[in-house]
Amino acid sequence: MTWDQVPGRRQAEHETVPPRIGGQQQFREELTRLRTGLGVSLAQLEQASQRQGKRLPPATVSNVLSRDRLPEWEFVADFLAACGLDEARRGPWQQAWRELAAVSATQVSVPAPAPVAAAAPAPAGAGAGAPDGPEAAAASPPPAPSPPPVSSPPPTAPPGKQPGKSPDDIPPAGGRRWKAWRARLAGHRAAVAVCAALALAAAAGVYAVDEHHKSERQEQQRRQEQQRQDTYRKEHCGTMNPALVTRAGGECTGVTDGLDRSDVFGSALEPVLTAIGAENHRATRDGHYVTIAFLAPLTSVGSAGKAKDLTLDQFVGEVEGAYTAVERANADDGPLKIRLVLANMGSGELHWKRAVDTLTGLAEADNLVAVTGMGLSQQESVDAARTLGAKDIPMVADLITADGFDTTGIIDSAKNAPRRINGLVRVTLTNAAQLGALGKELDGDTRTAALVRTAKTPNGTDDFYTDSLYEDFRTVDGLKKHLDPAADDFIFDPRGGVASILGAIGQNLCGTGRPVDTVYFAAREKYLPDFLQALSRRSCHRRPITVVSGSDTAALDPKTLAALNQDGEAPIAVLYASLPTAAQLRGPGNSDHNLYEQFLDAFGGDHHGQKFPAAHATRGYWPVLAHDAVLTAVTAIRNATTPTTARPNRYAVLNHLYALTDGAVPAATGRFGIDPTGNRTKVPITIHRLGATV
């Protein structure tokens, strides 16, 4: 059943026939007018297109019809079909599209040949001796002959014609005049036949030439259309989705629901994107769904400026964990389903704005009710959060740990004048909570600590994770007491390269006034292996040393330290605070261990024919935190769904997000709620030790 066959829906033919269209803008406006005139919503349009094996998500429709260009015919045809127009009723639209495409095409039109007029038949008096031209009109008839001795008068010749000279004047049969008349008549008919044949041949030749030129023009337009589509796909990650953009080096950024190409963000994410597309297709079949986005930097660019696959399991596992939560939510008996879209900010979150702008459009067009993930604790994520918060879109961060990067907005506000980030909550533990636990652990020790830090990201923007660690190392009781007041901080900028400067810092630690046995490392884990290597090569490498850092250290491969200290020559230890290990979460000491077991079972199950490596779920905390972030949003959605509000909007979800009391979220990392500042009410914290004796 098409939309115009729904009972009560208007079917007037004039509603589907385009008026005379004068330009591309009017063409796009008429498409919108057609849809609204038929009473088809964007969500219904998407459902109808999916039933036809196509895909027209609201974001795509909005983007295409707002661009200052003629839409591709493939899009127009799918749009018209989803509106219920059969092939016959799409014909006038295609003709209008072709005319506009021909006008906009940069081509030299082939001039149509001038029509050849058919030869006119000869006049009746065109026989031998008959006058023609103006003289024929001026000729006067001869005097009438004397009457013959018969009772009836002879036939009179028409004015301007001599008797017996016209084929119409039939002389008596058998005589010489009759034979001459027959000869003239035969010649006249032959001339007429020849002229007619020549006229038909000329007309046929003109038609053949015109059809040939028409065929050439159509083929040229077809090739140009194909070239435009090929160019468009090249600019949009090999797809017709305008929300995806190909960046320098081939990196693909933007928003997808998995129904484009499963490899748009690289082969590492192909299995989970395949599962997302299949799950979304199933979840949106009856139109009763809401949309959740997962926003993160999902691609990476190598040193040569070329896009490369994500190689760390934790990045891929993060998306797999988010998907697992959606799949579990859709498996229950509730009628409201969850649609998941991935929003890629690109390497270093450089392209956050395009992704976020698309998401804000989805909030209006496709009932986007929450954004999860949110990237890392850096300036780009703050800008993204403030943009989404200004649109009252709920956000649940999974990895953000910087102090003040929550509802309070303290993270980038002036002192004593915080600017609230409405709707931003998070499910992980803060830097202050981590270093507070480490302070208690080290409070009774006698140590001499130095501080190594970086304040910038490779983009040159503020890194709030490292800034927050730096401040906490200097202010948390149990940690600040160990800092040597006479020693300077060791600062490096990753934009200048890290290997050489970290090597220099490692050596400089040997020349301090008081022997340094502890380093507070306020930097990202990605730089930690190089720093540990530098410590193992310093001249005083036999001196035991402990590196204390934040929860990002959970991504460190334990084999790194073992390789550096195989012979005991470089006793290096690493200390950090984070969530409990996988073994601890599933052990009897965790009262909510069954929730973690359920997460692992779901993660390791079948996902529309795809399997996620079990090791992804337990290496680091990104997969389980992504799962819990999505689960938090789902819990708020479920609480906002009532008999009178069967499909809640983002405002209802926002209300219920802050109404999640302690224990309301049955998270894999343990039950919790959300407090007024946007932080989780209960956070299990464990001290982790790697390497040599601390």
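Up top you'll find the structure we're talking about.
First, a word on what this report is: a plain description of the structure on this page.

Reading guide: rules and limits
- Residues numbered from 1 in each chain as written.
- Predicted model: local features only at pLDDT ≥ 70, side-chain atom pairs only at ≥ 80, totals over all residues.
- Heavy atoms only, no water.
- Helix = DSSP H or I, 4+ residues; strand = E, 2+ residues; numbered from the N terminus.
- Buried < 20%, exposed > 50% of the residue type's maximum accessible area, 1.4 Å probe, protein only.
- Areas by Shrake-Rupley, 256 points an atom, 1.4 Å probe, with all protein chains shown as cover.
- Pairing = 2+ DSSP bridges.
- Contact = heavy atoms within 4.5 Å.
- Axes fitted to C-alpha atoms, helices over the stretch in contact; angles between N-to-C directions.
- Disulfide = S-S within 2.5 Å.
- Salt bridge = Lys/Arg side-chain N within 4 Å of Asp/Glu carboxyl O.
- Phe/Tyr/Trp six-rings, centres within 6.5 Å; stacked < 30°, edge-to-face > 60°.
- Parallel < 35°, antiparallel > 145°, perpendicular 65-115°, else oblique.
- Nonpolar A, V, L, I, M, F, W, Y, C, P; charged D, E, K, R; others polar.
- Core = buried A, V, L, I, M, F, W, Y, C linked by side-chain atoms within 4.5 Å.
- Lys, Arg positive; Asp, Glu negative; His and termini not counted.
- Polar contact = N/O pair within 3.5 Å; in protein donor to acceptor, adjacent residues only side chain to side chain.
- Expected span 1.5 Å × (residues − 1).

Description of the overall build of the protein
The helix and strand inventory of the protein stands at 21 helices and 15 strands. Every one of the 694 residues in the protein was classed for burial, and the buried ones make up 48%. On the protein, roughly 31800 Å² of surface is accessible, and the fraction owed to carbon and sulfur atoms is 53%.

Regarding the sheet that holds strand E12 (residues 518-522)
Pairing is mixed in the open sheet, where six strands are placed in the order E11-E10-E12-E13-E14-E15. Of all the strands in the sheet, just strand E11 (490-491) and strand E15 (686-691) have a single pairing partner and so form its edges. The pairing of strand E10 (residues 449-453) with E12 spans five bridges and is classified as parallel. Bridge pairing links Ala-450 to Val-519 in E12. Helix H12 (residues 431-442) contacts strand E13 (545-549), strand E14 (572-578) and E15 of the sheet and is inclined by roughly 130° relative to E14. Strands in contact with helix H13 (residues 464-475) are E10, E12 and E13; relative to E12, the strand with the most contacts, it is inclined by about 145°.

A word on the state of the cysteines
Applying the stated criterion to the full structure yields two disulfides. The residue that forms a disulfide with Cys-237 is Cys-252, at a sulfur-sulfur distance of 2.1 Å. Measuring the twist about the S-S bond at about 105°, one finds the Cys-237-Cys-252 disulfide to be right-handed. Remark: Cys-252 occurs in strand E2 (residues 252-256) and Cys-237 occurs in the loop between helix H7 (176-235) and strand E1 (244-246); sequence separation between them is 15 residues. Both residues of the pair, Cys-237 and Cys-252, count as buried. Ordinal numbering of bonded cysteines along the protein defines a disulfide pattern of 1-2, 3-4.

Brief notes about the pattern of salt bridges
Taken as a whole and judged by the stated rule, the model has 31 salt bridges. For Arg-689, the salt bridge identified is with Glu-441, shortest N-O distance 1.9 Å. Separated by 248 residues along the polypeptide, Arg-689 in strand E15 and Glu-441 in helix H12 bring together distant segments of the chain. Each of Glu-46, Arg-55, Asp-257, Asp-260 and Arg-339 takes part in a single network of salt bridges with overlapping partners.

Observations regarding the packing of aromatic side chains
One pass over the structure, following the stated rule, counts eleven aromatic pairs. Seen from their ring centres, Phe-315 and Trp-622 are 4.8 Å apart, and the 85° between their planes marks the pair as edge-to-face. You can see Phe-315 sitting in helix H9 (residues 313-330) and its partner Trp-622 sitting in helix H20 (residues 622-640), a full 307 residues away along the chain. A residue is classified by how much of its surface remains accessible, and Trp-622, at 12% relative accessible area, is buried. Ring centres of Phe-599 and Phe-603 lie 5.8 Å apart, and the angle between their planes is 55°; on these two criteria the pair is classed as tilted.

Concerning the packing of helix H2 (residues 42-51) against helix H3 (residues 58-66)
Between H2 and H3, the least distance of the axes is 9 Å, while the angle of their chain directions is 110°. Classified by the angle between their axes, H2 and H3 sit roughly perpendicular to one another. Side by side, H2 and H3 meet where Leu-42, Ala-43, Leu-45 and Glu-46 of the first sit next to Pro-58, Val-61 and Ser-62 of the second. Its residues assigned to classes, the contact of H2 with H3 shows five nonpolar, one polar and one charged.

Here we look at the sheet that holds strand E7 (residues 368-373)
Strands sit in the order E1-E2-E6-E3-E7-E8-E9 across an open sheet of seven strands; the sheet is mixed. Sheet topology places E1 and strand E9 (424-426) at the edges, where each strand pairs with a single neighbour. Neighbour-to-neighbour, the strand axes of the sheet open up by a mean angle of 20°, direction not taken into account. Here strand E3 (residues 289-296) runs beside strand E6 (residues 337-344); their pairing, made up of eight bridges, is parallel. Counted as the bridge partner of Leu-295 is Ala-343 from E6. Across the sheet, helix H10 (residues 352-365) touches E1, E2, E3, E6 and E7, and the angle it forms with E6 is around 155°. Here helix H11 (residues 379-390) sits on the sheet and contacts E3, E7, strand E8 (395-397) and E9; the angle it forms with E8, its principal contact strand, is near 155°.

A few points about the packing of H20 against helix H21 (residues 650-657)
Put simply, H20 and H21 touch, their axes get as near as 8 Å, and they point 110° apart. In this view, H20 runs roughly perpendicular relative to H21, as classed from their interaxial angle. Across from Thr-632, Ala-636, Ile-637, Asn-639 and Ala-640 in H20, the residues of H21 making contact are Ala-652, Val-653, His-656 and Leu-657. Residue composition of the contact of H20 with H21, grouped by class: six nonpolar, three polar and no charged.

Considerations on the nonpolar core
Counting 90 residues, the largest nonpolar core has Phe-265, Ile-292, Leu-509, Phe-531 and Leu-532 as the members making the most contacts within it. At eleven residues, the largest contribution of residues to this core is made by H20. Those residues in contact with Leu-532 that lie beyond four places of it in its chain are Val-547, Leu-556, Thr-560, Leu-561, Leu-564, Ile-572 and Val-574. The next biggest cluster of nonpolar side chains, apart from the first, holds 31 residues, and it includes Ala-355, Leu-359, Ala-363 and Val-382.

What to know about the side chain of Arg-538
Topologically, Arg-538 is positioned in the loop between helix H15 (528-537) and E13. No salt bridge forms around the buried Arg-538; measuring N to O, its nearest opposite-charge neighbour Asp-517 is 9.6 Å away. There is a polar contact of 2.6 Å between the side chain of Arg-538 and the backbone oxygen of Leu-535. Among the polar contacts listed, one links the side chain of Arg-538 to the backbone oxygen of Arg-543, at a separation of 2.8 Å.

Focus on the environment of Arg-89
Looking at where Arg-89 falls in the secondary structure, it is placed in helix H5 (residues 87-104). Taking the C-alpha atoms as reference points, Arg-89 and Val-17, 72 residues apart in sequence, are found 7.1 Å from one another.

Let's talk about helix H8 (residues 270-283)
Each turn of an α-helix holds 3.6 residues, which means side chains three or four residues apart point in the same direction. Taking 1.5 Å of rise per residue, 14 residues should cover 20 Å, and H8 covers 20 Å from first to last C-alpha, within 8% of that figure. Those residues of H8 lying buried are Val-272, Leu-273, Ala-275, Ile-276, Gly-277, Glu-279, Asn-280 and Ala-283.

Some words on the pairing of E10
Here E10 lies mainly inside the structure; five of its five residues are buried. Residue alternation in E10 divides its side chains into two sets, Ala-449, Leu-451 and Arg-453 and Ala-450 and Val-452, and both sets are buried. As judged from the two bridges shared by E10 and E11, these two strands associate in the parallel manner. Bridge pairing in E11 places Val-452 opposite Phe-490.

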